[in-house]
Amino acid sequence: MTTSTNSTSSRSDRSPTGLPLWWKQTRKAFLPPLFGIGGFLLFWQLSATLGLTKLAGPLSLFTEERTRELLFYPFFDRGGLDKGLFLHAMNSLSRVALGYTLAAVVGIAVGIAVGLNKALDRALDPLFQFLRMVAPLAWVPIALVLFQNNQPAAIFVIFVTSIWPILINTAEGVRQIPQDYRNVALVLQMSNRNFFTKVLIPSALPYIFTGLRISIGLAWLAIIAAEIVMPGTPGIGFFIWDAYQNSYVSDIILGVIWIGAIGLLLDRLMVWLQNRIAAGQ
Amino acid sequence: MPTPDTLARSHAAAGAAAAAQSPLLRFEQLSKVYATPRGPYPVLADINLEVNRGEFVCVIGHSGCGKSTLLNMVSGFATPSSGQVLLDGQPIRLPGPDRMVVFQGYALLPWMTAYDNVHLAIDAVKPQLSEHQKREIAMEHLAMVGLTAAADKRITQLSGGMKQRVAIARALAIRPQVLILDEPFGALDAITKEELQEELLTIWNTQKCTVLMITHDIDEALFLADRLVMMTNGPAAGIGEVLSIDFPRPRSREDIMEDPRYYELRNQALDFLYNRFAHDADAAP
């Protein structure tokens, strides 16, 4: 009995199993980010408490009563603009979904056209390269003049911010279709429809997805710019803008945390989708 | 004085008779000039050749001599600068499935399975067939190259030799009149290469399509071909000599190697390639 216990324990010393093994494996993955984030929050809180900056510290999320309520009750709805942050975020997400879907449809369609047609490419590429450098906020006044209406203007700002990576990557994906594949289509006298669905789209798909992934981040980044033009409608961008107008600094911090978390989730979602599609390739 | 009607009929009859006897492919005074920044560069000049129905012809020559250009004018990917290539008396203008190509880099669609690649070709060329027939043809041709078990594997999961087998199955499944192979076995190891050569011969024996094949390998050409076309060096390369290889078919490698004519032919080809038209690096473009 004694020997067997000894041998078991000596084996577990060398290669732990069960809980110790789990701890050993997760330690490396979780401890450094935990220290990183904890250190950052500590530094922030200290500099706020010591009065080094005017920005409230992270603890203000809990100490400010108004913010604490918003933090713990994201689902309340007292009508109008007095809603929980989850509901604000949902409003923003549906707006982003609309602008982003439009950007995806137009971006992929124009990207394919530009990728297939060299003359069109040369005609439009300088324009695209120029427009994609324009910041979301700069589009706001233009969108308002263009549409004379808040709702479509907000969608347009999201659309015009997020379309370029989709368009440019799709065009590149189509340009990169190997000549061999085109030759196969030529020698088989493949119909345009067959070439499109069986060769062009699958071949360009990884590029299209890269564009879609970059763009979903941009679309979400544009939400504040988009919602500044929409006073009086619920949304996370409006919430932050409104909190700023009222100098509720801790509310702004909470809103920013929501934006960052949702952006991260959206990006992970696209990575997951991309991996699934790539696995199907 | 014949009426226009009888004239037309006799003309048609003569045409039909000629088609039965005349070669399937005829290269007539073919030449190709490429425009380069330093002026026009003649790749091929004055190519004249006839290829009979069901003949297996290999083309050999040093790199840069325009072998691929020559075959591209048969497949329709390149157009002659002067002269023409006639298929059944009709000048070739565009690529088409009657002249199927086995591309150098296989050119299979990697996101599809082996079966789907073959099926796609059948579907594009013979859309009128029923799905059942398409499936049967695809499986039959995959079986010919020994890929029945791997039919549902993705191209990315296949080895180089298996990929080339799929490419051959795809090419033959659409029953081309001419099969064009551009150095099909160049990237394969020696053993796979020999296996594939034998498979190609077996299939060719059953289908009897006309084959044009570029190779760098004299032994490969002697084993496979009825005739070996040897090209001179560019610029303005032409056909230097054509060797007739009349070993009886079906051929076995062992029998051919024991035949004294094999070494005669081999020496002739070696002499042509390495003495009379030794590779001159400056001549390449």
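Residues numbered from 1 in each chain as written. Chains lettered and ligands numbered in written order. Predicted model: local features only at pLDDT ≥ 70, side-chain atom pairs only at ≥ 80, totals over all residues. Heavy atoms only, no water.

A. Structural detail: the interface of chain A and chain B. The interface of chain A with chain B comprises 16 residues on the first partner and 23 residues on the second. Summed over both sides, the interface of chain A with chain B buries roughly 1700 Å², with 70% coming from carbon and sulfur. Ranking the residues of chain A by area buried against chain B places Tyr181(A), Val187(A) and Leu188(A) at the top, with a combined share of 36%. The interface formed by chain A and chain B holds 0 salt bridges in total. (Contact = heavy atoms within 4.5 Å. Buried area = accessible area lost by both parts, 1.4 Å probe. Salt bridge = Lys/Arg side-chain N within 4 Å of Asp/Glu carboxyl O.)

B. The sheet that holds strand 4 (residues 82-87) of chain B, seen in detail. Residues and elements named next belong to chain B. Strand order in the open sheet made by the 4 strands is 2-1-4-5, with antiparallel pairing throughout. Every interior strand has two partners, whereas the edge strands, strand 2 (39-51) and strand 5 (90-91), have only one. Judged from the 9 bridges that link them, strand 1 (residues 25-36) and strand 2 form a sheet pairing that is antiparallel. Bridge pairing links Arg26 to Glu50 in strand 2. The strands touched by helix 2 (residues 67-75) within the sheet are strand 1, strand 2 and strand 4, with strand 1 carrying the most contacts at an inclination of about 115°. (Pairing = 2+ DSSP bridges. Helix = DSSP H or I, 4+ residues; strand = E, 2+ residues; numbered from the N terminus. Axes fitted to C-alpha atoms, helices over the stretch in contact; angles between N-to-C directions.)

C. Structural view of empty space enclosed by the protein. Residues and elements named next belong to chain B. According to the stated counting rule, one finds 2 cavities of 30 Å³ or more in the structure shown. In this model, the second largest cavity occupies a volume close to 30 Å³. Taken together, Phe27, Leu49, Val57, Val59, Leu70, Leu71 and Leu212 make up the full set of residues lining the second largest cavity. Put simply, the parts of the chain that give the lining of the second largest cavity at least two residues each are strand 3 (56-60) and helix 2. Taken together, the residues of the lining of the second largest cavity sort by class into 7 nonpolar, no polar and no charged. (1 Å grid on protein atoms, 1.4 Å probe; cavity = no way out; pocket = protein on both sides within 12 Å on 5 of 7 lines; lining within 4 Å. Points joined across faces, edges and corners; volume = space filled by probe spheres on them. Nonpolar A, V, L, I, M, F, W, Y, C, P; charged D, E, K, R; others polar.)

D. Representation of unusual backbone geometry. Residue and element names in this part refer to chain B. Here the bond from Arg249 into Pro250 is cis, since omega is -5°, no more than 30 degrees from zero. For Pro250, the position within the fold is in the loop between strand 10 (239-244) and helix 8 (253-258). Positive phi values are uncommon outside glycine, yet Asp88 reaches one of about 55°. Summarising the element assignment, Asp88 is placed in the loop between strand 4 and strand 5. Since its relative accessible area comes to 31%, Asp88 is described here as partly exposed. (Buried < 20%, exposed > 50% of the residue type's maximum accessible area, 1.4 Å probe, protein only.)

E. Molecular detail of helix 6 (residues 118-131) of chain A. All names here are of chain A. Taking 1.5 Å as the rise per residue, helix 6 with 14 residues should run 20 Å; its terminal C-alpha atoms sit 20 Å apart, in good agreement. A bend of about 40° at Leu124 is the largest found in helix 6, and the proline Pro126 appears one to four places after it. You can read the cap of helix 6 off the contacts: a side-chain oxygen lies 3.0 Å from the backbone nitrogen of Ala119, and it is on Asn117. (Expected span 1.5 Å × (residues − 1). Bend = angle between axes of the 7 residues up to and from the residue. Polar contact = N/O pair within 3.5 Å; in protein donor to acceptor, adjacent residues only side chain to side chain.)

F. Examining the pattern of salt bridges more closely. In the structure shown here, the tally under the stated rule is 26 salt bridges over all chains. One salt bridge connects Asp251(A) with Arg66(A), and the closest N-O pair in it is separated by 3.0 Å. In this pair, Asp251(A) is assigned in helix 13 (residues 249-280) and Arg66(A) in helix 4 (residues 65-72), connecting sequence segments 185 residues apart. On the accessibility criterion, Arg66(A) (31% relative accessible area) is partly exposed. We note a salt bridge from Arg276(B) to Asp271(B), for which the minimum N-O separation is 4.0 Å. Looking at Arg276(B), the relative accessible area reads 45%, which means it is partly exposed. Residue class for Asp271(B) comes out partly exposed when judged on its relative accessible area of 28%. Beyond isolated ion pairs, a larger network of salt bridges with shared partners links Glu69(A), Arg78(A) and Asp82(A).

G. Fine view of the side chain of Gln207(B). All names here are of chain B. Locating Gln207 in the fold gives a position in helix 6 (residues 190-207). Polar side-chain contacts of Gln207 include one of 3.1 Å to the side chain of His141. Beyond its immediate stretch of four places on either side in the chain, Gln207 contacts His141, Met144, Leu172 and Arg175.

H. Region of interest: the state of the cysteines. Residue and element names in this part refer to chain B. Scanning the entire structure with this criterion turns up 0 disulfides over all chains. The closest cysteine sulfur to the non-disulfide-bonded Cys58 is located on Cys209, 13 Å from its own sulfur. The class of Cys58 is buried, set by a relative accessible area of 0%. (Disulfide = S-S within 2.5 Å.)

I. Expanded view of the confidence of the model for chain A. Looking at chain A as a whole, its pLDDT mean stands at 87, while 93% of the residues score no less than 70. Scored below 50 in pLDDT, residues 1-12 of chain A makes 0 contacts in the model with residues more than four places away or belonging to other chains. (pLDDT = per-residue confidence, 0-100.)

J. Up close: the packing of helix 7 (residues 136-147) of chain A against helix 8 (residues 150-175) of chain A. All names here are of chain A. The contact between helix 7 and helix 8 brings their axes to 9 Å, and the two run at 140°. As judged from the angle between their axes, helix 7 and helix 8 are oblique. Here the hand of the crossing between helix 7 and helix 8 comes out right-handed. Every residue of helix 8 that contacts helix 7 at Pro136, Trp139, Val140, Ala143, Leu144, Leu146 and Phe147 is listed here: Asn150, Pro152, Ala153, Phe156, Val157, Val160 and Thr161. Class assignment for the residues of the contact of helix 7 with helix 8 results in 12 nonpolar, 2 polar and no charged. (Parallel < 35°, antiparallel > 145°, perpendicular 65-115°, else oblique. Left-handed = near helix turned anticlockwise from the far one by under 90°.)

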